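# Examining the three-dimensional arrangement
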Amino acid sequence: MVGKEFLLNSKQMAFFVAKGYLRFDELIPEEINKAVMRDIDAGTVRSQPAGTPLSQCYPAPSAVGEMIRLPQVQGIIHSLVGPDPLFDHQAVHVRQPNEGAAQHLHGDSTIDVRMHFDVQLMYFPHDVTPEMGGTLIVPGSHFRRINEMDIARYQNIVGQIQMVCKAGTLMVVHHGIWHCGRQNKSDQMRYMFKVRLNPTVRQRLLWNTDDLTDETKKQQTIFGGAKKSDDVQSILGQQEPWFEWGDGRLEIINRIKLWRFITGDDNFDVHYWLSRLENMPENLLEAVE
Amino acid sequence: MAQLRQKVLVLYLASSALDDQVRSWAVYDGTGKEAHTTGDDNEPPYKTGLDALKDGWRVIQFPQLIPPYPGLEFTTSFQRHEFILEKLEEV
C-alpha cells in the first residue's frame, strides 16, 4: 500500500484533468538514472506480455523496476490508475544525433473515446538540452478525438511544450495527449523510456483527497471580479493558448465531465457551463385563474 | 523564363475570421530553401491571418462552416479554422 504522503493532491489531479500531463523534475535519483542508461545501452530492458500486472514486471535486479517501485512513482501511478495496473507496452524511444526532421505529431494507439484513461510514464534518464529534441507535448489536447498520425499536418501549436529537463525527470501523460519526438540537432543520442499502464479499478478518488473540501469545489461567480488561480475551479477553467474561441469552451465541458467521473460528484461544475445545459425543467406552471 | 515553385503556409485561427489570431501553423517550402518540421518554432509567423495577406501570401482555401453532426455537438477534434495560403517564388 502506498503511503498517503506519496499520493497526488486534488490540485495536481485537476491539473492532469485540464492539461493531460503532470511533470516531476529530477524525481528519480541519479544512481537509478545511470543504471537505467547502462541497461538501455546493453539492450537489457526486458518487456513483458501486454496485460501483465505491473507488480510482476521488471523483477530485481532491474533498474527500471527500481524506478517504478520508488514510493513517489507508486504514489503517482496509484493516484491516476489505481493499485497494480496492467502493463500495456514499453518502448525505449531514441532520437538519432543530427537527424533531418522531427517525428510527426500524433496520438498513441488509436482513437479512444473512453472516459476511463490509461497513463504513459515518460522517463528521461539523462539531461535533455534544447538541441536534443526532447518530447513535445500539446497541453490540453487529450480530449480531441483524432486517430494517430491524422494530426501530422500541425507543425507548431501555440503553447506547445518542448521537453528540456535534467536527468531523472518523469512526465506522466493521459493516453490521448498529442505529442512527438522533436528533431535532435545535437551530436548525442537522446533517449526516453516510456511505459503505458491500464487501470484495473474504477478511477474514482484514488488520490489524497484531504484537500477536496466544499471550499475547493465552490462555484465561482461568473465575471465576479478577482479570480483565484490555484483552486480546482480555476485550474479546470483555464484555457490553453491554442484553444479556438468556440472549441475552447467545449474543452472546459470535457474537463468538467472527467472531473465528475473521477470524483463521483455529478453536481460539480466550473462556473455554470454544464449546469446551464442540464437545466430542462419539466414541472408545469399552474394556470392563474 | 523564371521557374516558380509554390510555398504553402497553413494557418489555424481562433475562429472562422481571417483577421483572428493564429493558434497553429505549418510551412511547406517547394523551393527547397527552408525545411520546416514539427516543433521547430514556438512563435507564430504572423499574429493574424490578415497579417499574412499583408505580407504577400494569397489565400487559396477558406475553411467551410459545417454544422456539427447530430450527437457530436460537444466533441472536439481537429482544429477547424484551417486557412491555406501560398506564395510563388522563383528558383
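With that settled, the discussion passes to the interface of chain B and chain A. Counting residues at the interface gives 23 residues for chain B, matched by 31 residues for chain A. Of all the elements, strand β2 (residues 22-29) of chain B adds the most residues to the side of chain B that touches chain A, at five residues. The residue inventory of the side of chain B that touches chain A, partitioned by class, reads eight nonpolar, twelve polar and three charged.

Here the focus is the sheet that holds strand β5 (residues 136-138) of chain A. Residues and elements named next belong to chain A. The strand order β7-β5-β9 describes an open sheet built from three strands, whose pairing is antiparallel. For this open sheet the edge positions go to β7 (161-162) and β9 (178-180), each flanked by a neighbour on one side alone. Where β5 meets β9, three bridges bridge the pair, whose relative direction is antiparallel. By the bridge assignment for β9, L136 is matched with C180.

Another point: the environment of I222 of chain A. All names here are of chain A. You can see I222 is positioned in the loop between α5 (214-217) and α6 (232-237). Given 8 C-beta atoms within 10 Å, I222 falls into the exposed group. For the pair I222 and V270, spaced 48 residues apart in sequence, the C-alpha to C-alpha distance is 9.6 Å. Excluding residues within four positions of it along the chain, I222 makes contact with H271 and Y272.

Below, the discussion takes up unusual backbone geometry. Residue and element names in this part refer to chain A. Look at the link from A60 to P61: it is a cis peptide, with omega at 0 degrees. Secondary-structure assignment places P61 in the loop between β2 (52-53) and α3 (63-69). In this model, D84 sits at a positive phi of 45 degrees, which is unusual for a non-glycine residue. Here D84 lies in the loop between α4 (71-81) and β3 (86-95). Residue D84 is classed as partly exposed on the basis of its C-beta count, with 16 C-beta atoms lying within 10 Å.

With 77 residues, the main nonpolar core has A14, Y123, V172 and L236 of chain A together with L11 of chain B as its most contacted residues. It is helix α1 (residues 10-19) of chain A that contributes the most residues to this core, six residues altogether. Inspection of this core shows a minimum of three residues originating in each of domain 1 (4-198) and domain 2 (209-278) of chain A. Sequence-distant contacts of L236 of chain A, defined by excluding residues within four places in its chain, comprise A14, V17, A18, I252, R255, I256, W259 and V270 of chain A.

The next thing to look at is the sheet that holds strand β6 (residues 156-157) of chain A. Reading across the sheet, the five strands line up as β6(A)-β2(B)-β1(B)-β4(B)-β3(B) and stay open at both edges, with antiparallel pairing between neighbours. Edge positions in the open sheet fall to β6 of chain A together with β3 (58-61) of chain B, since each of these has one partner strand only. Of the pairings in the sheet, the one linking strand β1 (residues 4-13) of chain B to β2 of chain B comprises seven bridges and is antiparallel in character. Paired with L9 of chain B across the strands is V27 of chain B, a residue of β2 of chain B.

The subject of this paragraph is the pairing of β2 of chain B. Within a regular beta strand, the side chains point alternately toward one face of the sheet and then the other, so they alternate between its two faces. Of the pairings in the sheet, the one linking β6 of chain A to β2 of chain B comprises two bridges and is antiparallel in character. When the bridges of β2 of chain B are listed, I157 of chain A appears paired with S24 of chain B.

Cut-offs and rules
- Every chain is numbered independently, its residues counted from 1 as its sequence is written.
- All chains are assigned letters beginning at A, and all ligands numbers beginning at 1, according to the order in which they are written.
- In keeping with the predicted nature of the model, local features appear solely for residues at pLDDT of at least 70, side-chain atom pairs appear and are counted solely at 80 or more, and the whole-chain, interface and lining totals rest on all residues.
- Think of it this way: build a C-beta for each residue from its backbone, and any pair within 7 Å is a contact.
- A run of H or I in DSSP counts as a helix once it spans at least four residues, and a run of E counts as a strand once it spans at least two, with each numbered from the N terminus.
- Throughout, the ten residues Ala, Val, Leu, Ile, Met, Phe, Trp, Tyr, Cys and Pro are labelled nonpolar, Asp, Glu, Lys and Arg are labelled charged, and all others, Gly among them, are labelled polar.
- When DSSP locates at least two bridges between a pair of strands, those strands are taken to pair.
- Think of it as a crowd count around each C-beta: if 20 or more other C-beta atoms lie within 10 Å the residue is buried, if 12 or fewer it is exposed, and in between it is partly exposed, with C-beta placed from the backbone throughout.
- Here a nonpolar core is just a set of buried residues of the types Ala, Val, Leu, Ile, Met, Phe, Trp, Tyr and Cys, joined wherever their C-beta atoms sit within 7 Å.
- The split of the chain into domains comes from an automatic or database domain assignment.

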